[in-house]
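Here is what each chain is made of, one letter per residue.
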Amino acid sequence: MKVRHPSPAQLYRGIFKRRGLLMVPPFLLLVFCTWWETESEGLVLGAGGAVFAFGLALRIWAQMHLRYRLKAKMALTCTGPYRCVRNPVYVGNILLLLGCCFLAELFWFAPIMLAYSLLVYRFVVRYEESHLILKYGPIYREFLESVPRWLPRFPRPRLLACRSDSGKYLLPALLAEAHNVLLVLPFAVKEAM
């Protein structure tokens, strides 16, 4: 019997569909692990809170422009944080998870979380980019060539055919991203125990 292996496109699509679920195991490790905890409350709350807040702010800012999960028409987004980095939502997710590492008092796990997140999101963005090339064509190729995938580049010239009426989406973006604040709850409970 011959074993059939998935094609790269099938693998990328499968990881894309399960991207949120794939972040659950390392998050649960943060919640339940107590090995080598850092007991400096100021450092834990300061570093963890700052990194988490920056990740959340980046997600809100990106949501105002992307409008994913908002009742608004979707279009190619190249304004706001998308002028500097192609994947600000995933960068925000990584920062949220790194903040959780610090809030869990597991500073040693932050490099592992970073590497794991980048591995998962590497496959996710490959799927998304191939899909968006088919959907938007040459303008998306121009976007890929002029905006870096992970590390922001400042300042970026304004790309053509991009909308910028994001201000009216602040409240909807805040509401759409509010659930992320619940990520800190397990660490408050863990600390109280």
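Residues numbered from 1 in each chain as written. Predicted model: local features only at pLDDT ≥ 70, side-chain atom pairs only at ≥ 80, totals over all residues. Heavy atoms only, no water.

A. How the structure looks around the overall build of the chain. Tallying secondary structure elements over the chain gives nine helices and zero strands in all. From first element to last, N terminus to C terminus, the chain shows the α and β order α-α-α-α-α-α-α-α-α. Each of the three principal axes of the chain carries a C-alpha extent, and together these read 60 × 55 × 30 Å. Here the chain, with 193 residues, has 45% of them falling under the buried criterion. At a minimum sequence separation of 6, the contacts of the chain that also span at least 24 residues come to 79%. Total accessible area computed for the chain in this model is approximately 11,300 Å², and 69% of it derives from carbon and sulfur atoms. Positive and negative side-chain charges of the chain, numbering 24 and 11 respectively, have mean locations separated by a distance of 16 Å. (Helix = DSSP H or I, 4+ residues; strand = E, 2+ residues; numbered from the N terminus. Buried < 20%, exposed > 50% of the residue type's maximum accessible area, 1.4 Å probe, protein only. Contact = heavy atoms within 4.5 Å. Areas by Shrake-Rupley, 256 points an atom, 1.4 Å probe, with all protein chains shown as cover. Lys, Arg positive; Asp, Glu negative; His and termini not counted. Charge placed at Lys NZ, Arg CZ, Asp CG, Glu CD.)

B. The arrangement of the pattern of salt bridges in detail. Counted according to the given criterion, the structure contains four salt bridges. Among the ionic pairs, K190 bridges to E37, the shortest N-O distance being 3.4 Å. Highlighted residues: K190 in helix 9 (residues 185-192) and E37 in the loop between helix 3 (24-32) and helix 4 (41-66), separated in sequence by 153 residues. A relative accessible area of 16% means that K190 is categorised as buried. Between E177 and R59 there is a salt bridge, with the nearest N and O atoms lying 2.5 Å from each other. Residue E177 is located in helix 8 (residues 170-177), and its partner R59 is located in helix 4; the two are separated by 118 residues in the primary sequence. (Salt bridge = Lys/Arg side-chain N within 4 Å of Asp/Glu carboxyl O.)

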